[in-house]
Amino acid sequence: MYLSDIHTHSIASGHGTSCTISDMAKAASKKGLKLLGITDHGPGTLAAGTSSYFRSLIYSPRKRFDVEAELNILDTEGHLDLNDELLSELDYAIASMHAQNYKSGTVEENTSAYLNAMRHPCVKVLGHCDNPAFPVDY
């Protein structure tokens, strides 16, 4: 049995589920999860949460769920698609490469993008780092 899942998406991410955050929190509780991280996609992803969506999540009750985001890495410098003001209010962030936001480069360029994104103090997890579309030097 799993005790936690920190990479999940609600209906706000525009894919994968039609569940609200409350639906997901209830289902996680029924399954015995001790930690559920809702990591909806940042505004750089089509049909995903906007900056105002993440701003409003900050006011959600913490006893129900953590507030996080799956950010899009935008370039080799590791720029992310939410500003520092919003990121500082989140519990943690996952930084991922998605084809619609990041054009895969060489192994060195992709590795540099991940390393630079990890330097942001709010980025705690890398997402999809095993995606063969974005080869990296592990």
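This text goes with the structure placed above it.
These numbers were taken from a predicted model, which means no experiment stands behind them.

**Things to note about the overall build of the protein**
Helix and strand counts for the protein stand at 4 helices and 5 strands. Relative to the 2.2 N^0.38 estimate, which gives 14 Å for 138 residues, the radius of gyration of the protein is 15 Å and therefore close to what a compact globule would have. When the backbone C-alpha atoms are referred to their principal axes, the protein occupies close to 45 × 35 × 25 Å. When each of the 138 residues of the protein is scored for burial, the buried share is 43%. When the 11 basic and 17 acidic side-chain charges of the protein are each reduced to a single mean position, those positions are 12 Å apart.

**Some words on the layout of surface pockets**
In this structure, the largest pocket occupies an estimated 230 Å³ of space. Lining the largest pocket, in full, are Tyr2, Ser4, Asp5, Thr8, Cys19, Asp23, Met24, Ala27, Ala28, Lys31, Leu33 and Leu36. Of all elements in the fold, only strand S1 (4–8) and helix H1 (21–30) reach the threshold of two or more residues within the lining of the largest pocket. Per-element tally for the lining of the largest pocket: the top contributor is H1, with 4 residues. Tallied by class, residues from the lining of the largest pocket come to 7 nonpolar, 2 polar and 3 charged.

**Observations regarding the nonpolar core**
Counting residues in each nonpolar core, the largest one holds 27 residues, and the members touching the most others are Leu71, Ile73, Leu80, Leu82, Leu87 and Met97. Contributions of two or more residues to this core are made by H1, strand S2 (35–41), helix H2 (51–57), helix H3 (84–87), strand S4 (92–96) and helix H4 (107–118). Discounting residues that sit within four places of it in the chain, Leu80 has contacts with Leu71, Asn72, Ile73, Leu74, Leu87, Ala95, Ala117, His120 and Val123.

**Let's talk about H4**
The first and last C-alpha atoms of H4 sit 17 Å apart over 12 residues, in line with the 16 Å expected at 1.5 Å per residue. When H4 is considered as a whole, its buried residues turn out to be Asn110, Thr111, Ala113, Tyr114 and Ala117. Viewed along the axis of H4, the buried residues span an arc of 155°, placing them on a single side of the element. Looking at the buried residues of H4, the elements they touch are S4 and strand S5 (123–127).

**A short note on the pairing of S2**
Burial of S2 is extensive: 6 of the 7 residues sit out of reach of the surface. When S1 meets S2, the two strands line up parallel, connected through 3 bridges. Each bridged residue has a counterpart across the sheet, and for Asp5 the counterpart in S2 is Leu36. Regarding topology, H1 serves as the crossover connection from S1 to the parallel S2, and that connection is right-handed.

**Considering the packing of aromatic side chains**
Counting across every chain of the model gives 1 aromatic pair. Residues Tyr102 and Phe134 carry aromatic rings whose centres are separated by 6.0 Å and whose planes lie at 55° to one another, so their mutual orientation is tilted. Residue Tyr102 is located in the loop between S4 and H4, and its partner Phe134 is located in the segment after S5; the two are separated by 32 residues in the primary sequence. As far as burial versus exposure is concerned, Tyr102 and Phe134 are alike and both buried.

Calculation criteria
- Residues numbered from 1 in each chain as written.
- Predicted model: local features only at pLDDT ≥ 70, side-chain atom pairs only at ≥ 80, totals over all residues.
- Heavy atoms only, no water.
- Helix = DSSP H or I, 4+ residues; strand = E, 2+ residues; numbered from the N terminus.
- Rg over C-alpha atoms; globule rule 2.2 N^0.38 Å.
- Buried < 20%, exposed > 50% of the residue type's maximum accessible area, 1.4 Å probe, protein only.
- Lys, Arg positive; Asp, Glu negative; His and termini not counted.
- Charge placed at Lys NZ, Arg CZ, Asp CG, Glu CD.
- 1 Å grid on protein atoms, 1.4 Å probe; cavity = no way out; pocket = protein on both sides within 12 Å on 5 of 7 lines; lining within 4 Å.
- Points joined across faces, edges and corners; volume = space filled by probe spheres on them.
- Nonpolar A, V, L, I, M, F, W, Y, C, P; charged D, E, K, R; others polar.
- Core = buried A, V, L, I, M, F, W, Y, C linked by side-chain atoms within 4.5 Å.
- Contact = heavy atoms within 4.5 Å.
- Expected span 1.5 Å × (residues − 1).
- Arc of directions from axis to C-beta.
- Pairing = 2+ DSSP bridges.
- Right-handed = clockwise from strand over helix to strand, strands pointing away.
- Phe/Tyr/Trp six-rings, centres within 6.5 Å; stacked < 30°, edge-to-face > 60°.

Interpretation in functional terms is not warranted from these geometric data alone.
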